[in-house]
Amino acid sequence: MWGWLRRRRSAPALPDDLWRATLARYPFLADRSVDERAKLRALSAEFLAQKQFHGAGGLVISDEIALAIAAQAVLPVLHLGLRWYDDFVGIVVHPEEVVARRSATDETGVVHAWDEVVAGEAMQGGPVMVNWRDVAAAGESAETGFNVVIHEFVHKIDLRDGVADGCPPLKSRAGRERWLATMQAEYERFREAVIRAERFGEDWPWLDDYGATSIDEFFAVACEAYFVNRARFAQEFPALLALFDEFYRAVR
Ligand SMILES: [Zn+2]
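Right, let's walk through the structure included here. (Residues numbered from 1 in each chain as written. Predicted model: local features only at pLDDT ≥ 70, side-chain atom pairs only at ≥ 80, totals over all residues. Heavy atoms only, no water.)

1. Details of the overall build of the protein chain
What counts here: Secondary structure elements are taken from DSSP: a helix is a run of H or I of four residues or more, a strand is a run of E of two residues or more, and numbering for both begins at the N terminus. Radius of gyration: over C-alpha atoms. The globule rule applied is 2.2 Å multiplied by the number of residues raised to the 0.38 power. Burial here depends on accessible area, computed with a 1.4 Å probe over protein chains only, as a share of the maximum for the residue type. Under 20% is buried, over 50% is exposed, and the range in between is partly exposed. Contact between two residues is taken to exist if any of their heavy atoms lie within 4.5 Å; hydrogens are not considered. Throughout, the Shrake-Rupley method with a 1.4 Å probe supplies accessible areas, and for residues the shown protein chains are the sole cover considered. In this tally Asp and Glu are treated as negative and Lys and Arg as positive; neither His nor the chain ends contributes. Every charge is mapped to an atom, namely NZ of Lys, CZ of Arg, CG of Asp or CD of Glu.
Broken down by element type, the protein chain carries 12 helices and six strands. Since a compact globule built from 252 residues should have a radius of gyration of about 18 Å, the 18 Å found for the protein chain is in line with a globular shape. Principal-axis analysis of the C-alpha atoms places the extent of the protein chain at approximately 55 × 40 × 35 Å. Here the protein chain, with 252 residues, has 46% of them falling under the buried criterion. Taking contacts inside the protein chain between residues at least 6 apart in sequence as the whole, the part at least 24 apart equals 64%. When the accessible area of the protein chain is evaluated, it comes to approximately 12800 Å², of which 53% is carbon and sulfur surface. In the protein chain, the 29 positive side-chain charges and the 39 negative ones have mean positions that sit 8 Å from each other.

Listed below in structure tokens is the structure:
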């Protein structure tokens, strides 16, 4: 019943001044074509009507915070459509990065526990978590290709078929094979560059080295850069640019 109500609840109109302030804060949104900006605004309003924001750690969710997150979250699904995000409603916003307690059991049965500083988190079928400090700074950090909102929402797109493998659900098996082959080759090239920087003091690659963790993290990190700094991304990853354009820009 709630799903039905949510789908039918009409999207609120976004006040002009609030929308203009959001575009001013995030040049990678303002730089879009007139058509894309109109679509972005409409989709952001729909997103706000469908999702529920929760402030954590004393953070109070303002219109500014909610719209900043909505406008960046819908960028990857501008052409795909909001149904790609229909497996969850909650968005948790922390004031800043959070320390998460992790544990894992190794093959000898020993449990290892450690603390990890996380900027955000996305789980299949569960809420998305981001932190306001990084979201607020996303205009400036676009230079480095960093964007926490896009990162977490791209994980959601990747996870739609149930597996975090750096490949979203695609229409054909051949498409999936081609996608995985391209991603794997680029991931290995990137990992080797990170290893050369670590071990031999070579220049660090432009992209966030967190992308060298695993192929699904590489996908999320590469997409951040693809959406917020297309010019630099095109120079660094021409093969991925073509692959991502085919997927994200296809008219459906
Ligand atoms: Zn991630």
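Next comes the rest of the description.
2. Let's talk about the pattern of salt bridges
We count it as follows: Any carboxyl oxygen of Asp or Glu within 4 Å of a side-chain nitrogen of Lys or Arg constitutes a salt bridge here.
All chains considered together, the criterion is met by 17 salt bridges. The salt bridge partner of R102 is E121, with a shortest N-O separation of 2.8 Å. Here the residue R102 occupies a position in strand β3 (residues 98–105), and E121 occupies one in strand β5 (residues 121–122), the gap between them amounting to 19 residues. For R102, a relative accessible area of 22% gives the class partly exposed.

3. Side note on the coordination of the zinc ion
The condition that has to hold: Donor atoms are limited to N, O and S found within 2.8 Å of the metal ion, a distance that becomes 3.2 Å for Na, K and Ca. With water left out, some sites might look partial. For a four-donor site, all angles between 85 and 135 degrees give tetrahedral; for four or six donors, opposite pairs above 155 degrees with the remaining angles between 65 and 115 give square planar or octahedral; all remaining cases count as irregular.
At 2.0 to 2.7 Å from the zinc ion lie its protein donor atoms, namely H151 (NE2), H155 (NE2), E217 (OE) and E217 (OE). If you look at the zinc ion, its four donor atoms make angles of 53 to 146 degrees with each other, and the shape they trace is irregular. Counting gaps between the donor residues of the zinc ion yields the pattern H-x3-H-x61-E. Of this pair, H155 sits in helix α8 (residues 148–159) while E217 sits in helix α10 (residues 215–228), and the two are 62 residues apart along the sequence. Neither residue differs from the other here; H155 and E217 are each classed as buried.

4. Some remarks on empty space enclosed by the protein
For the record, the criterion: Using protein atoms alone on a 1 Å grid, points that fit a 1.4 Å probe yet trap it form a cavity, whereas open point sets bounded by protein on both sides within 12 Å along at least five of seven lines form a pocket; residues with an atom within 4 Å of a point count as lining. Grid points are joined across faces, edges and corners, and a volume is the space filled by probe spheres set on the points.
Within the structure shown, the criterion is met by one cavity of 30 Å³ or more. Each pocket or cavity is described by its volume, and for the largest cavity that value is around 120 Å³. Lining the largest cavity are R32, E36, L75, P76, L78, H79, Y226, F227, R230, Y248 and R249.

5. Re the sheet that holds strand β6 (residues 128–131)
Definition in use: At least two bridges found by DSSP between two strands are what make those strands a pair.
The strand order β1-β2-β6-β5 describes an open sheet built from four strands, whose pairing is mixed. Of all the strands in the sheet, just β1 (52–55) and β5 have a single pairing partner and so form its edges. Across four bridges, strand β2 (residues 90–94) lies against β6 in parallel orientation. In the sheet register, I91 faces β6, and the bridge partner there is V128.

6. Here we look at the state of the cysteines
This is how it is decided: Defined by distance alone, a disulfide is two cysteine sulfur atoms within 2.5 Å.
Applying the stated rule across the entire model yields zero disulfides. Free cysteine C223: the closest other cysteine sulfur is in C167, separated by 11 Å. On the accessibility criterion, C223 (0% relative accessible area) is buried.

7. Brief notes about the environment of V99
Relative to the helices and strands, V99 is located in strand β3. As a C-alpha pair, V99 and Y226 span 127 residues in sequence and 28 Å in three-dimensional space. In contact with V99, other than residues within four places in its own chain, are D115, E116 and V117.

8. Overview of the packing of aromatic side chains
What counts, and what does not: Stacked, tilted and edge-to-face are the three classes assigned to paired rings of Phe, Tyr and Trp, where Trp is represented by its six-membered ring and a pair needs centres within 6.5 Å; plane angles under 30 degrees give stacked, over 60 edge-to-face, the rest tilted.
In total, this model carries 24 aromatic pairs according to the counting rule given. Here Y226 and F244 contribute two aromatic rings whose centre-to-centre distance is 5.3 Å and whose plane-to-plane angle is 85 degrees, an arrangement assigned as edge-to-face. Of this pair, Y226 sits in helix α10 while F244 sits in helix α12 (residues 238–248), and the two are 18 residues apart along the sequence. Summarising the burial analysis for this pair, Y226 and F244 share the class buried.

Worth remembering: the numbers are spatial, not functional.
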